[in-house]
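Understanding the architecture of this molecule
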Amino acid sequence: MSIQTLDDLAVQGTTLGVRIDINSPLTESGDLADDARLRAHVDTVSELLERGGKVAVLAHQGRPGGDDFSGLSPHAERLDELVPFPVSHCDATFSEDARTAVGNLHDGEAVVLENTRFYSEEYMEFPAEKAAQTHLVDRLVPKLDAYVNDAFAAAHRSQPSLIGFPTRLPGYAGRVMERELDVLGDIKGTPRPRVYVVGGAKVSDSIAVAENVLERDLADYVLTAGVVGNVFLFADGADLGDVSADFIHEQGYWDYIDDAVNLLETYRDRIHLPKDAAVERDGKRAELTRDEFPPEEDEAAMDIGSATINAYSEILRDAGTVILNGPAGVFEDDAFAKGTRELYTEAANAEYSIVGGGDTAAAIRKFDLGGFDHVSTGGGACLRMLTGEPLPAVEALSR
Ligand code: 3PG
């Protein structure tokens, strides 16, 4: 697949639509809790500005209805601090205000347009030709000379800002996209046994990935943890209590229990489930083995317990390649960080290790762990790529 990069782009004096992924964890007051994803794109944005481009940044934050679904003004402020060129924010995505802001840019200036997902068509999946005719793309295209996609972390989505522009404008991969495609493009060549640790809360993506890597024989082991592990436990008939069950229902993940049941039926020997769980009891961490389930009625499974940590660590110790995606528990709370910290420490020693996912990368920074071969900016996108599935945004760039 051949994709043009920034080396192929004559930047000086052009106006560029630059899609980045700065979807970040936020504090309760709506500030950025972590700026890693912004830092990742500094090279691309700075290079384009340094080379005399005018940059219209396109990005999303959160999902409609979610607590972190918000505007991009804190992101623009932080980018302005990180990039040695002026970066402003525009409170519009493609309306006249947005188009005027783009039209007023001087060489070496950037504007961050408002959250693309504030616009309903952006949260739909389209074929590229249809995405190219959406309002967002249609209105911005006349203002742009070319499109750069650096949003590897969102490359598994077929949304207009990701796949619509390159049908109508010359498309280029930014530096983050280029690096990710180079490193992640060759999973089949990595040493075995290959272990996937699938945790976190993005259950729908994780189940699809588990299915793919098992079906294609890419994975020797899939270790489940976090909310994903809880879904597998329920699928296996374990009772993790009402609080954990309600959470899975509220997130709309109960529908995936059947998929998890089917996977367990077919690949029981390669899928590993938590053997215990940590809950908060009397203000402290308490561990319950599976025999001791269910937790009490106000207790949620917040982490894997010591028996799971030991069993998983043994598998990780012998791994040729470890692919980490998603934390094993609520690592932000020190009482429930143990599972994530210990598994990740073990994974860092593997012969070859890949880390995917915003939360995963945040956990690594929290525990100050080094030694990984590649820390991807992508979560779902990283794993989708590792399974060998095509990424729509990458396909759109290669057309
Ligand atoms: C991510 O955080 O994985 C990307 O920004 C994509 O977000 P999404 O899963 O809400 O599409």
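Residues numbered from 1 in each chain as written. Predicted model: local features only at pLDDT ≥ 70, side-chain atom pairs only at ≥ 80, totals over all residues. Heavy atoms only, no water.

**Observations regarding unusual backbone geometry**
Residue P193 follows R192 across a cis peptide bond; omega there is -5°. Its location among the elements puts P193 in the loop between α9 (175-184) and β7 (194-198). F293 connects to P294 through a cis peptide bond whose omega is 0°. Its identity as a non-glycine residue notwithstanding, D282 has a phi of 50°, on the positive side. In the Ramachandran plot, D368 falls in the positive-phi region, its phi being about 55° despite a non-glycine side chain. (Helix = DSSP H or I, 4+ residues; strand = E, 2+ residues; numbered from the N terminus.)

**Comments concerning the site of the ligand**
Neighbouring the ligand are the residues D21, N23, R37, H60, R63, R117, A153, R157 and K202. R37 is positioned such that a nitrogen or oxygen atom in its side chain is 3.0 Å from an oxygen atom of the ligand. A distance of 3.0 Å separates an oxygen atom of the ligand from a polar side-chain atom of H60. For the ligand, whose free accessible area comes to 310 Å², the fraction covered by protein is 96%. A per-class count over the shell around the ligand returns one nonpolar, two polar and six charged. (Near = heavy atom within 4 Å. Polar contact = N/O pair within 3.5 Å; in protein donor to acceptor, adjacent residues only side chain to side chain. Areas by Shrake-Rupley, 256 points an atom, 1.4 Å probe, with all protein chains shown as cover. Nonpolar A, V, L, I, M, F, W, Y, C, P; charged D, E, K, R; others polar.)

**Focus: the nonpolar core**
General note: in soluble globular proteins, nonpolar side chains tend to be found buried as a group. L113, F152, F165, Y196, F232 and L386 are the most contacted members of the largest nonpolar core, which totals 83 residues. When residues in this core are grouped by element, the largest group, seven residues, is from helix α11 (residues 226-235). When near neighbours in sequence (up to four residues on either side) are disregarded, F232 contacts I207, T224, A260, L263, L264, I271 and L273. (Core = buried A, V, L, I, M, F, W, Y, C linked by side-chain atoms within 4.5 Å. Buried < 20%, exposed > 50% of the residue type's maximum accessible area, 1.4 Å probe, protein only. Contact = heavy atoms within 4.5 Å.)

**Describing the packing of aromatic side chains**
Under the definition given, this model contains six aromatic pairs. A ring pair is formed by F331 and F367, whose centres lie 6.2 Å apart and whose planes are at 65°; its orientation type is edge-to-face. One end of the pair, F331, is in the loop between β13 (321-325) and α15 (338-348); the other, F367, is in the loop between α16 (358-366) and β15 (374-375), and 36 residues separate them in sequence. (Phe/Tyr/Trp six-rings, centres within 6.5 Å; stacked < 30°, edge-to-face > 60°.)

**Some words on the side chain of T308**
Relative to the elements of secondary structure, T308 occurs in helix α14 (residues 306-317). Looking at T308, the relative accessible area reads 0%, which means it is buried. When sequence neighbours within four positions are dropped, the list of residues in contact with T308 reads P274, K275 and D276.

**Focus: the packing of α14 against α15**
With their axes 9 Å apart at the nearest point, α14 and α15 run at an angle of 15° to one another. In terms of axis orientation, α14 runs roughly parallel to α15. In the crossing of α14 with α15, the sense of the turn from one axis to the other is right-handed. For the pair α14 and α15, the contacting residues are S306, I309, Y312, S313, L316 and R317 in the first and K338, G339, E342, L343 and E346 in the second. Of the residues that constitute the contact of α14 with α15, the class distribution is four nonpolar, three polar and four charged. (Axes fitted to C-alpha atoms, helices over the stretch in contact; angles between N-to-C directions. Parallel < 35°, antiparallel > 145°, perpendicular 65-115°, else oblique. Left-handed = near helix turned anticlockwise from the far one by under 90°.)

**Side note on the layout of surface pockets**
For the second largest pocket, the calculated volume is near 370 Å³. Along the walls of the second largest pocket sit 21 residues, with L181, L184, G185, M385 and E389 positioned nearest its centre. Considering each element in turn, the lining of the second largest pocket owes the most residues, four residues, to α9. Partitioning the lining of the second largest pocket into residue classes produces 11 nonpolar, four polar and six charged. (1 Å grid on protein atoms, 1.4 Å probe; cavity = no way out; pocket = protein on both sides within 12 Å on 5 of 7 lines; lining within 4 Å. Points joined across faces, edges and corners; volume = space filled by probe spheres on them.)

**Here we look at α11**
Burial of α11 is extensive: 10 of the 10 residues sit out of reach of the surface. Elements in contact with the buried residues of α11: β7, α10 (203-215), β8 (221-224), α12 (242-250), α13 (257-267) and β9 (271-272). Looking one or two residues beyond α11, the residue adopting positive phi is G237, at roughly 90°.

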